[in-house]
Amino acid sequence: QVQFVESGGGLVQPGGSLRLSCLVSGSIFSSDAMGWYRQAPEKQRELVATITYYGRIEYADSVKGRFTISADNAKNTVYLEMNSLKSEDTAVYYCNAAARAYWRDWGSGTQVTVSS
């Protein structure tokens with residue numbers, strides 16, 4: 001069974017940085033692209049970045065140029081480096097398969113709060 005454990009969130013001032021990690025247990029990343037998602041209060045969950053096993057990457061327009069997704073296949077871990085954070089980046093961040101058809105059960109996520 002695939003499980004996701006997200007970590008690295010916290011409280012940061014506008015303009016600050018955070019690095020999120022997603023430890024993936026079970027076999028998923030070798031066959032499916034992975035994604036980082038976020039969900040702000042009273043908003044739908046949105047996909048912010050995806051990465052395939054072979055390193056093909058895509059970003060949502062809202063984070064392009066500020067966020068960087070990467071992966072360590074040997075460690076079954078996907079990362080999200082977030083720079084120049086804005087208040088609108090405040091959300092709970094999750095990882096899962098990039099394609100909805102391949103979603104597994106969601107993890108608990110990690111809270112990111114951008115506030116002065």
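The structure under discussion appears in the preceding block.
Keep in mind that this is a model prediction, so the values were computed, not measured.

Rules used in this analysis
In this numbering scheme, every chain counts its residues from 1 along its sequence in written order. Where totals are concerned, whole chains, interfaces and linings use all residues; where local detail is concerned, this predicted model gives features only for residues with pLDDT of at least 70, and gives and counts side-chain atom pairs only at 80 or more. Excluded from the side-chain calculations are hydrogens and water; all other atoms, namely the structure's heavy atoms, are used. In DSSP terms, a helix is any run of H or I states spanning at least four residues, a strand is any run of E spanning at least two, and both are numbered starting from the N terminus. Radius of gyration here uses only the C-alpha atoms, and the compact-globule reference equals 2.2 Å multiplied by the residue count raised to the power 0.38. Here the term buried applies to any residue with accessible area under 20% of the maximum for its type, exposed to any over 50%, and partly exposed to those in between, with areas from a 1.4 Å probe on protein chains only. A pair of strands is considered paired only if DSSP assigns at least 2 bridges between the two. Fitted lines through C-alpha atoms give the axes, limited to the stretch in contact for helices. The angle between two N-to-C directions lies from 0 to 180 degrees. Take the buried Ala, Val, Leu, Ile, Met, Phe, Trp, Tyr and Cys residues and link them wherever side-chain atoms come within 4.5 Å; each set so joined is a nonpolar core. In this description, contact between two residues means that some pair of their heavy atoms is separated by no more than 4.5 Å.

A word on the overall build of the chain
A count of helical and extended segments in the chain gives 0 helices and 10 strands. Tracing the chain from N to C terminus, the helices and strands come up as β-β-β-β-β-β-β-β-β-β. Its C-alpha atoms give the chain a radius of gyration of 13 Å, within 12% of the compact-globule value 13 Å for 116 residues. With the principal axes as the frame, the chain shows a C-alpha extent of 40 × 25 × 25 Å. Going through the 116 residues of the chain one by one, you find that 41% of them count as buried.

Some thoughts on the sheet that holds strand 5 (residues 46-51)
The strand order 2-10-9-4-5-6 describes an open sheet built from 6 strands, whose pairing is mixed. Looking at the sheet topology across the chains shown, the edges are occupied by strand 2 (10-12) and strand 6 (57-59). Neighbour-to-neighbour, the strand axes of this sheet turn through a mean angle of 25°, independent of strand direction.

A closer look at the nonpolar core
Inside soluble globular proteins, nonpolar side chains tend to come together where they are buried. Among the nonpolar cores identified, the biggest contains 25 residues, and Trp36, Leu80, Met82 and Tyr93 are the most heavily contacted of them. Where this core is concerned, the elements lending two or more residues are strand 3 (18-25), strand 4 (34-39), strand 5, strand 7 (67-72), strand 8 (77-82), strand 9 (91-97) and strand 10 (110-114). If one sorts the elements of this core by residue count, strand 3 sits on top with 4 residues. Excluding anything up to four places from it in sequence, Tyr93 contacts Glu6, Leu20, Trp36, Tyr37, Arg38, Phe67, Leu80, Met82, Gly109, Thr110 and Val112.

Examining the pairing of strand 10
One face of the sheet, then the other: side chains in a regular strand alternate in exactly this way. Covered by surrounding structure in strand 10 are Thr110, Val112 and Val114 only, the residues Gln111 and Thr113 on the alternate face being uncovered. Two elements, strand 2 and strand 10, share 3 bridges in a ladder whose sense is parallel. Bridge pairing in strand 10 places Leu11 opposite Thr113. As paired strands, strand 9 and strand 10 are joined by 3 bridges and run antiparallel to one another. Note on strand 10: the bridge partner recorded for Tyr93 is Thr110.

Nothing here speaks to function; it is geometry throughout.
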